[in-house]
Each structure stands twice: as C-alpha cells, then as structure tokens.
Amino acid sequence: MALLHDKNRRHTITRFSFKVLAAMIIFLVLVGHSLIARAQLSASYIEMAVNVPTAVFTPKEQDPLELDAWCFVGNGEKCSDVELEDALNYKQVIVLPAGYTADHKKRFYSDLAKVVEGMTYGSQNIFGYEYQENILYYGIWLPGGTLGSNDVNFDAKISEHFSRANALTISPELVIEAIEDLQADTDDRIDPWAVLVIYNTNQTGVTATASTPVTTKSTSHAGFGIARVTRAHLFNSYNNSSAYTVMHELGHAGLGFVDEYVEQGFEDMNIQSVDAISNLAFFDASWGDFVHAAQTIVDMYDYRISEVLADNATLNISTTKYPSRVTTNYYRKINYECEGGMFFGRGTWHDSGNNFMNTGRVNRTSSTSGCLADRFGFDHSPAQMQVIEQTFNSPGTAARPNDRIRTAGPNTNWLPVLGGSVKGLIFDADKNNHLHPTTSYDVQIGWFATKTCYKKILGVNVPYPCGKVWKSVSKTVYPRERYIDLDTSALVGFSSVLHGMICTLGLDAFVPESSGISICNLSADELLDDLVPVMKFDVPYQEFTIQTPEGTTLGNIATGEFATTYYWQFRTNNGTYTSGYTEWDSFKRYF
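The structure presented is a predicted model; accordingly, all values stated were derived computationally and were not measured.

Looking at helix H4 (residues 105-121)
Between the first and last C-alpha of H4 there are 24 Å, a value that for 17 residues agrees with the 24 Å anticipated at 1.5 Å per step. For H4, a buried count of 12 out of 17 residues is recorded, marking the element as mostly surrounded by other parts of the structure.

Structure representation (structure tokens):
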C-alpha cells in the first residue's frame, strides 16, 4: 500500500511502464509490418515516373490447359534445360496459386503472363527489364480450395487487421513444404530465388506483403523470400501500379531490400525507442545457461531490437548514417545520406536516390546532408544497384567487405566467475547476409602483463615486478545460429502485466491516434496474435568465448593478475574480403 501513496514513485513507475509498453507495442507493429514487409500503393504519395519500352510480352508456349507448369524467361522465351539447371546465373521466381480451383487453370496462366509482363516491361530502369534474360518465371499449377475454405493452398487468407484494412496471411512452412515436394518431383531443377504467391481475388484495398530471405530463413531455413499479391494488384492499370507491386515485392523477396519510406505518424519517431524492451526480448529459452541469460538484463551485452529490425542483413538500410564502422584498405566506406526508412522517420538511414522501395510522402532531400534524391521512382539507388549487380553479374562473389560491425560486450567490469573464460559478443549486420554472409571472425585479445625480473639475493634469483609488457593471442570464430524466440521470452509474460497496468491507468490515451493502434480494445494475447506473424528471428549477433590467462589454453600466456584489464577486437571474412579490425574494446576481470 505504501507504493500507492508515494506519488513520485508511482509516477516514476508509470512513466517506466508506459515507456516499456509503448516500445513493446511499436516493436510488435514493426514485426508485423516490416519484417514481413508490405507495399500499399497510394497515389497521394507515390509519384509514378514510368518509361515503358515498346516491346510487348508474348509468351511462347503450348496450350496452357495441356500443362501443369509453365516457365518463361523475362523476354517471353520458354526456359531451356540449361537455364533451369543453372540457378546461380538464372534466378527462378516460382509462382504459386492460392484460392484457384480446378476451373481456374487458364486464369492462373494469364496471371503468370501478367506478372512477367509487368516485371519485364513495367519500366526499362528497373532490374526486371535490365536482367530480363537472367530471370525465369516458373508457374506451377496447384489447384485447391477457394480463399476462406479449409482446403485453400498454404492456409492463405485475407485477414482483417486492427491497424490495416486487410492483409495477406499465409503459412510459410506449407509454402516451403510445397517447394520441397516440387524439388523432389523435378530432380532439384526447381531452386527458387524468390517465391510469388498470387491470391485469386479482385478485392481492392488489400496490402501486398513479402518476407525477405533472412526472415523466411528465420522461420523455415529457406534461402528465399515469399511475396504475396492479389489479382487486383496485377491488373490495376492506374499509373502502372500493376508493374510496381510485383517489382516492389520481389525487391523484398529476391533482393532482400526493406522499405525506405516512413509510415504516417512515425515521421519524427526514432527506431531506438523500441530498444527499451531489448533485454526482455533477448531473455529467452535459447540461452544455454540462466546466468548468461540474466546478464542480458543488467546490460553487460549490447543487444538492440532496432538492429534486429533494421540492421540485420538489410542490404539497403542501416541504423547509422555510416554503416561501415571499420576501415578496410582499398575499399570505400558505406555512407547513407538520407534519414528514414523501415517506417521510422528517425534513426534509420538509406542511400540517396529515387527508387522503387521508397515513396514521395516524406522527403529528406537536403543539399547540406548530401541527400539529393529521396522519393519514389522506377529506379535504384547506388546501394541497391550494388546488390543487383552482384546478384546477376557476380553471383557467389561478395561486392564489399562485411564491415558493418562493432564489439557488443561485455560492457562492464566483469563480475567474479569461476574458470578462465569470458563470453564476448559481436554485432555483425552481414552475418545473415543472403549474398555474402560472414564465414569466420578473427578475434584478438590483449593485455598488459606484469613483466618479471630477477635479482640475485644471497645467491638465489628472486623474482620481482619490473614494469608491464603487452601480450596478445588470436582466435578464429565461426558463425553459429543465434535467434530470439518471442514465444519463450520474458517480453511475452511482461507484456501482460504492463498491458493491464496501462489500460487501468488510462495511459493508452497517450498513443497517437495517427498510429491506428488501439491497445485496450484487445487483450495482451490477442495483441500478440494479431500483430506477430512469426515468433522466431535469427539475429545479427555472434557469441564466442574469450580465454583470459586464468586457465587459458590459447598459447603460452603467463598467469593472470587481479583486476586485469583485457582489450579485444575482431574482423570478418566473407570468402572474398577480409574487413579491417574494429577499435579495441575492453573489460576488466577480477578473478
């Protein structure tokens, strides 16, 4: 009862509770809307600049009713055996039906042709036209039930959403299972670069969505993204939006791009606001021991939810204007001039250039910042072009070093623990990069050891300290999967407590109406079910063990000393480049 009468403490707890719950709500919204990326065409803020080539797509194929699969190159030619057996140089877009019954076979064929036409001839400035001879569109006829029925393919449905009019939902696992069955039936000739599922509906006001390769991998370990569109998206001719939607979604699913636009109501919101719940999200069952898990709560390791959202194999966006945190000889550092993206107006950055992952609603163009173009266009920014050129011109070879790295802990004087090892944490934005993931890390640890001298006394050599000497050892670390599982994290349990507190105190009134979020109209469980399409995420962090002198097995190291400060740094290898080293970080070991 004393707490209820302590006004200052009550207000402090209230402010803390609201901050944490607000961060939780924003995070869940971002999980639902950006990791499963969306594209909603609105003429009010997308300015179409279309330059359509004069060529017309004419598919060269047999009567579609005689076939159960059709494969076209972007220029309309039938896919050859050579192309189908070379997935490295010929990228396969596997197109699947959802809601098409046995009577809709010819419709699906015409929809496939519309996809190829839009991708190839929607604009001559887009990757679909430039690399039309390197993209294969492989339509697989899989009839099923209608949308809303129990036997619809992949559990696909159009769902009402509490902050979006309608959304396309699907079971990624069932899509992956279908792909695996098709691979077995075709002797592995099917090797998707991206999957596109078309929903058999002409309903408008539905948001197209896509997962990137890294978010699909988190769910089912597939190496491609899954895009979802409706027939209405394909045949909406307004401002050539039919071309835009498929291009945009395959930008997510195939190239791994994320949205560079800013959501309405988020113009001045910083993505770092979600970091208030980072430790709760990372405090989950995936840790190997409770002590290590508990250390996340006391900030010994620098985990950030903002980095999971916007610096985790996001190839066209970062949480810093200068993503290259280290210097690599003979390579120019990345510099993103325009602020905004991944729905947030602040705290995220992308390259200057009008492009197909952006809109014109929020424009950060400024000559002083170097952001000279920041609107929609059927075009690509320089950062996007580097990814596109690597994908189609130099597959298997990294375009740059994995230099988006930093040391991430331990961040405090180390607590007494038994044994001679300390767990270190690496942040590596390219660890999960689907084009050039990190293959290994070179870790160095150094310290100033006491130099021992000897003085002969009465004929006996007596040791005594006589200064300091620098010593160091190196270790190679190989990437391992690290994930957070929201379903087993402290965030889920804590959210119920905070949800009740916020609604009881009436603090939901502080959530801006423009966000479209209604906290207290839903229970905590309903909020999670409505917002979160997946619960498990691979993260851009790598743990490793640092052997300090006590009990070390790394080289010939002298016995450690009380309260020794250790310094460490690391660099990455991606099979093509070795990055520069990070700056030295330090921690203190007492025992």
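Thoughts on helix H6 (residues 172-185)
Side chains that are three or four residues apart share a direction in an α-helix, a result of its 3.6 residues per turn. Its 14 residues place the ends of H6 20 Å apart at the C-alpha level, agreeing with the 20 Å of an ideal helix rising 1.5 Å per residue. Residues of H6 that are buried: Pro172, Val175, Ile176, Ala178, Ile179, Leu182 and Gln183. Buried residues of H6 fall within an arc of 160° about the axis and therefore sit on the same side. Exposed residues pointing more than 90 degrees away from the buried face of H6 are listed as Ala184 and Asp185. Asp187 lies just past H6 and shows a positive phi near 55°.

Concerning the packing of aromatic side chains
Tallying each qualifying case throughout the model produces 28 aromatic pairs. Where Phe448 meets Tyr567, the ring centres are 6.2 Å apart and the plane angle is 85°; that geometry is what we call edge-to-face. Taken together, the residues span a long stretch of sequence, with Phe448 in strand S15 (residues 440-457) and Tyr567 in strand S20 (residues 564-573) at a distance of 119 residues. For Phe448, a relative accessible area of 42% puts it in the partly exposed group. Given the relative accessible area of 26%, Tyr567 is considered partly exposed. Pairwise contacts between aromatic rings join Trp70, Phe72, Tyr100, Phe108, Tyr109 and Trp141 into one cluster.

Remarks on the state of the cysteines
All told, the structure shown has 3 disulfides when counted by the stated rule. For Cys338, the disulfide goes to Cys371, at an S-S distance of 2.0 Å. One disulfide, between Cys338 and Cys371, carries an S-S torsion of 100° and so falls in the right-handed class. Of this pair, Cys338 sits in strand S11 (residues 338-341) while Cys371 sits in the loop between strand S12 (344-350) and helix H13 (382-393), and the two are 33 residues apart along the sequence.

Details of the sheet that holds strand S19 (residues 541-547)
Strands sit in the order S13-S14-S19 across an open sheet of 3 strands; the sheet is antiparallel. Because the sheet does not close on itself, it has two edges, and the strands there are strand S13 (405-407) and S19. Between one strand axis and the next, the sheet turns through 30° on average, direction left out of account. Sheet analysis places S13 next to strand S14 (residues 421-428), joined by 3 bridges and oriented antiparallel. In the strand pairing of S14, Arg406 is matched with Phe427.

Procedures and definitions
Residues numbered from 1 in each chain as written. Predicted model: local features only at pLDDT ≥ 70, side-chain atom pairs only at ≥ 80, totals over all residues. Heavy atoms only, no water. Helix = DSSP H or I, 4+ residues; strand = E, 2+ residues; numbered from the N terminus. Expected span 1.5 Å × (residues − 1). Buried < 20%, exposed > 50% of the residue type's maximum accessible area, 1.4 Å probe, protein only. Arc of directions from axis to C-beta. Phe/Tyr/Trp six-rings, centres within 6.5 Å; stacked < 30°, edge-to-face > 60°. Disulfide = S-S within 2.5 Å. Pairing = 2+ DSSP bridges. Axes fitted to C-alpha atoms, helices over the stretch in contact; angles between N-to-C directions.

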